[in-house]
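# Commentary on secondary and tertiary structure
Okay, here's what each chain looks like letter by letter:
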Amino acid sequence: MSAQPGSVRFPNGFLWGTKTAAYQVEGSVDVDGRGPSIWDTFSHHAGATRNGDTGDVACDHYRRMDEDLDLLAALGAPAYCFSVAWPRVQPSGSGALNQQGLDFYRRLVDGLLRRSIVPVVTLYHWDLPQALEDAGGWVSRDTVGRFSEYTRIVAGTLGDSVRMWITLNEPWCSAWLGYGTGEHAPGVRDHGKAAAATHHLLLAHGEAVNVLRATIPNASVGIGLNLQPVRPATDHDDDRAACHRVDGNLNRLFLDPIFTGRYPADMLEHYAGLQPGFDVVAEGDLEVIRTPIDFLGVNFYFPITVCAPARRAEARAAGYWIPETERRGRIGDLDAVQVLRAEVSRTQMGWEIEPAALTEILVRVRDQYASLPLYVSENGAAFDDYIGPDGEVHDADRIAYLDGHLRAVLDALDAGVDMRGYFVWSILDNFEWGHGYSKRFGLTWVDYPTGRRLPKSSFAWYRQTVRANGLER
Ligand code: FCB
């Protein structure tokens, strides 16, 4: 891969981009006919988000779209991935479409194309129309049909200009944070419902793949999964069993049905007896879920280490740190405890920084599932950014994080993995869900009172990386 001495290069045509999600950037939640989503409801609920932050204004991207398009052009990355807000397109999640909502995305796509930027569309990044949640949300099978209808509308409108589609972003988060731990909208705490939601989300994905293919002849369709290596704190059987359960929930529960058409037996057993639960699976569903996809999007942030709950003391003795207030977070009811390695640095989210874990998960997908084209569809980090006395944001830690993870992608390429592109989360600081505006992931600083955009040092660094199609050695 190395071309000129002194630098390492990515393959020709490697797709560089950045990514956002509608609710995190758009604001303007009640204009031009948009209906409420579960995130509007949830974020307005006392105590649901840090500081009571909501996406009401966010980055004001709905009104500042032209400025943001120019920002993307200045960055020079050839692709941009955004999500369509279902409640803008179908305010109540079914029935008549809202032309004004669709027009916004038409203008966005046209603006990207005018600047020679490839639009990549995510159909669902967590903002379910509230009316559908009132009717059962993802726990209800009806939502699957509604999603197909919505997909048909969006594909019919943008399909002439958009080739690359991501059906769902991180269905694990929608199901297990939304209906399991309740940390995300709609804030339900019921693991049986999370299991049912998992299945309906995956079924909605499979059906959407078929709808997209039927509507857009040359469509390239994939899904974005949050994947992460899970390791046992020690070699003890109980820690290894805890690790296997967490891996089952986070990774295998999604990869197995999509690539093999089966749910992992140990997970079906773990969740057996819950009402609802995986008993919502009907004949033929898994055939739909395993409909071949053209690519897999891997959203990667951090690896995770776990121990069995009864082995906290041994884990501490082995040098791990267990935060006083254990967040249920990624673990749900898996009879496991997340532990942290004291010697590994973490981002502002508390996420361990280990680029090699990205290589590991990419290689695993290829070895255990399929050797299809892969994209890193999200990667990035929040740090304690601030505007320095010189008026600039010198985010050297973000540059180091991105640089390290890009080298991990190169390692995956060297291992023969079919890596096709990389998307930084995110072009802008934005509404980080339950964390509100307290966590900044952007290549661009957003001054929330005024909405002013200020590219950080990482913006210039990424522009240079994209231009060189490579990194300094
Ligand atoms: C991912 C989400 C994205 C963003 C990043 C930091 O899980 O898909 O919206 O919040 O994390």
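Use the structure listed above.
Computed from a predicted structure; not experimentally measured.

### Concerning the site of the ligand
Within the structure, the ligand sits among Gln24, His125, Trp126, Asn169, Glu170, Tyr301, Glu378, Trp425, Glu432, Trp433 and Phe441. Between the ligand and His125, the relevant distance is 2.8 Å, taken from an oxygen atom to a side-chain nitrogen or oxygen of the residue. Glu170 has a polar side-chain atom sitting 2.5 Å from an oxygen atom of the ligand. About the coverage of the ligand: the protein hides 97% of its 290 Å² of free accessible area. Along the lines of polarity and charge, the residues of the shell around the ligand split into five nonpolar, three polar and three charged.

### Some thoughts on the sheet that holds strand β6 (residues 220-226)
Hydrogen bonds between backbone groups are what pair the strands of a sheet, and the pairing can be parallel or antiparallel. One closed barrel holds the eight strands; their spatial order is β2-β3-β4-β5-β6-β8-β12-β13, and the pairing between them is parallel. Averaged over neighbouring strand pairs, the angle between their axes works out to 25° when direction is ignored. Pairing geometry for strand β2 (residues 15-19) and strand β13 (residues 419-425), over five bridges, is parallel. By the bridge assignment, Trp16 is partnered in β13 with Tyr422. Across the sheet, helix α9 (residues 191-215) is in contact with β4 (118-124), β5 (164-169) and β6; its angle to β5 comes to roughly 165°. Along the sheet, helix α10 (residues 237-260) makes contact with β6 and β8 (295-299), crossing β6 at roughly 160°.

### A word on the side chain of Gln24
Its place among the elements puts Gln24 in helix α1 (residues 22-25). Reaching out from Gln24, the side chain makes a polar contact with the backbone oxygen of Phe431 at a distance of 3.0 Å. Within polar-contact distance, the side chain of Gln24 engages the side chain of Trp433 at 3.5 Å. Beyond its immediate sequence surroundings of up to four residues, Gln24 is in contact with Ala58, Cys59, His125, Trp425, Asn430, Phe431, Glu432 and Trp433.

### Remarks on the pairing of strand β9 (residues 304-307)
Here β9 shows no split at all, with Ile304 and Val306 on one side and Thr305 and Cys307 on the other all buried. With three bridges joining them, strand β7 (residues 230-232) and β9 adopt parallel strand pairing. What sits directly across from Arg231, in β9, is Thr305. Looking at chain direction, β9 and strand β11 (residues 337-341) are connected through three bridges and run antiparallel. When the sheet's bridge partners are listed, Cys307 is paired in β11 with Val337.

### Remarks on empty space enclosed by the protein
As enumerated under the stated definition, the model contains six cavities of 30 Å³ or more in all. The computed volume of the largest cavity comes to approximately 60 Å³. Taken together, Ile38, Trp39, Tyr124, Trp126, Trp138, Cys173, Ser174, Gly178, Tyr179, His184, Ala185 and Pro186 make up the full set of residues lining the largest cavity. Elements with a minimum of two residues in the lining of the largest cavity: α2 (38-43) and α8 (171-177). Looking at the lining of the largest cavity residue by residue, the classes come out as nine nonpolar, three polar and no charged.

### Details of unusual backbone geometry
Omega for the bond connecting Gln275 with Pro276 falls within 30 degrees of zero, at -10°, which places this linkage in the cis form. Structurally, Pro276 is set in the loop between α11 (265-270) and α12 (285-289). Residue Ser426 is reached from Trp425 by a cis peptide bond, and omega for that bond is 10°. Within the element layout of this structure, Ser426 appears in the loop between β13 and β14 (444-447). The backbone of Ala58 shows a phi angle near 50°, a positive value even though the residue is not glycine. With respect to the helices, strands and loops of the structure, Ala58 is situated in the loop between α2 and α3 (65-75). The phi dihedral of Trp126 falls on the positive side, at around 85°, and the residue is not glycine. As for its position among the elements, Trp126 is in the loop between β4 and α6 (130-134).

### Overview of the packing of aromatic side chains
Evaluation of the coordinates by the stated rule reveals 36 aromatic pairs. Ring geometry for Tyr23 against Trp433: centres 6.4 Å apart, planes inclined by 20°, an arrangement best described as stacked. Of this pair, Tyr23 sits in helix α1 while Trp433 sits in the loop between β13 and β14, and the two are 410 residues apart along the sequence. Comparing Tyr23 with Trp433, the two get one shared label, buried. A connected cluster of aromatic rings, assembled from ring pairs, spans Tyr23, Trp39, Phe42, Trp126, Phe431, Trp433, Tyr437 and Tyr448. Taking the ring centre of Phe104 as reference, the NZ or CZ of Arg88 above it sits at 6.0 Å. If you follow Arg440 out to its NZ or CZ, it ends over the ring of Trp445, 3.5 Å from the centre.

### A word on the packing of α3 against helix α16 (residues 457-468)
Each pair of packed helices gets described by two things: the angle between the helix axes and the distance between those axes. One can describe the packing of α3 onto α16 by two numbers: an axis separation of 9 Å at closest approach and a directional angle of 55°. If you check the angle between α3 and α16, you find them oblique. Contacts from Leu71, Ala74 and Leu75 of α3 reach α16 at Phe459, Tyr462 and Arg463. Of the residues contributing to the contact of α3 with α16, the split by class is five nonpolar, no polar and one charged.

### Thoughts on the environment of Ala415
Its location among the elements puts Ala415 in the loop between α15 (396-414) and β13. Ignoring anything within four residues of it in the chain, the contact list for Ala415 reads Val363 and Arg366.

### Notes on the pairing of β5
Within β5, six of the six residues are buried, leaving the element largely enclosed by the surrounding structure. Judged from the four bridges that link them, β4 and β5 form a sheet pairing that is parallel. In the sheet register, Tyr124 faces β5, and the bridge partner there is Leu168. Here β5 runs beside β6; their pairing, made up of four bridges, is parallel. By the bridge assignment, Ile166 is partnered in β6 with Gly222.

Cut-offs and rules
Residues numbered from 1 in each chain as written. Predicted model: local features only at pLDDT ≥ 70, side-chain atom pairs only at ≥ 80, totals over all residues. Heavy atoms only, no water. Near = heavy atom within 4 Å. Polar contact = N/O pair within 3.5 Å; in protein donor to acceptor, adjacent residues only side chain to side chain. Areas by Shrake-Rupley, 256 points an atom, 1.4 Å probe, with all protein chains shown as cover. Nonpolar A, V, L, I, M, F, W, Y, C, P; charged D, E, K, R; others polar. Pairing = 2+ DSSP bridges. Helix = DSSP H or I, 4+ residues; strand = E, 2+ residues; numbered from the N terminus. Axes fitted to C-alpha atoms, helices over the stretch in contact; angles between N-to-C directions. Contact = heavy atoms within 4.5 Å. Buried < 20%, exposed > 50% of the residue type's maximum accessible area, 1.4 Å probe, protein only. 1 Å grid on protein atoms, 1.4 Å probe; cavity = no way out; pocket = protein on both sides within 12 Å on 5 of 7 lines; lining within 4 Å. Points joined across faces, edges and corners; volume = space filled by probe spheres on them. Phe/Tyr/Trp six-rings, centres within 6.5 Å; stacked < 30°, edge-to-face > 60°. Lys NZ or Arg CZ within 6 Å of the ring centre and 35° of its normal. Parallel < 35°, antiparallel > 145°, perpendicular 65-115°, else oblique.

Keep in mind these numbers describe shape, not what the thing actually does.
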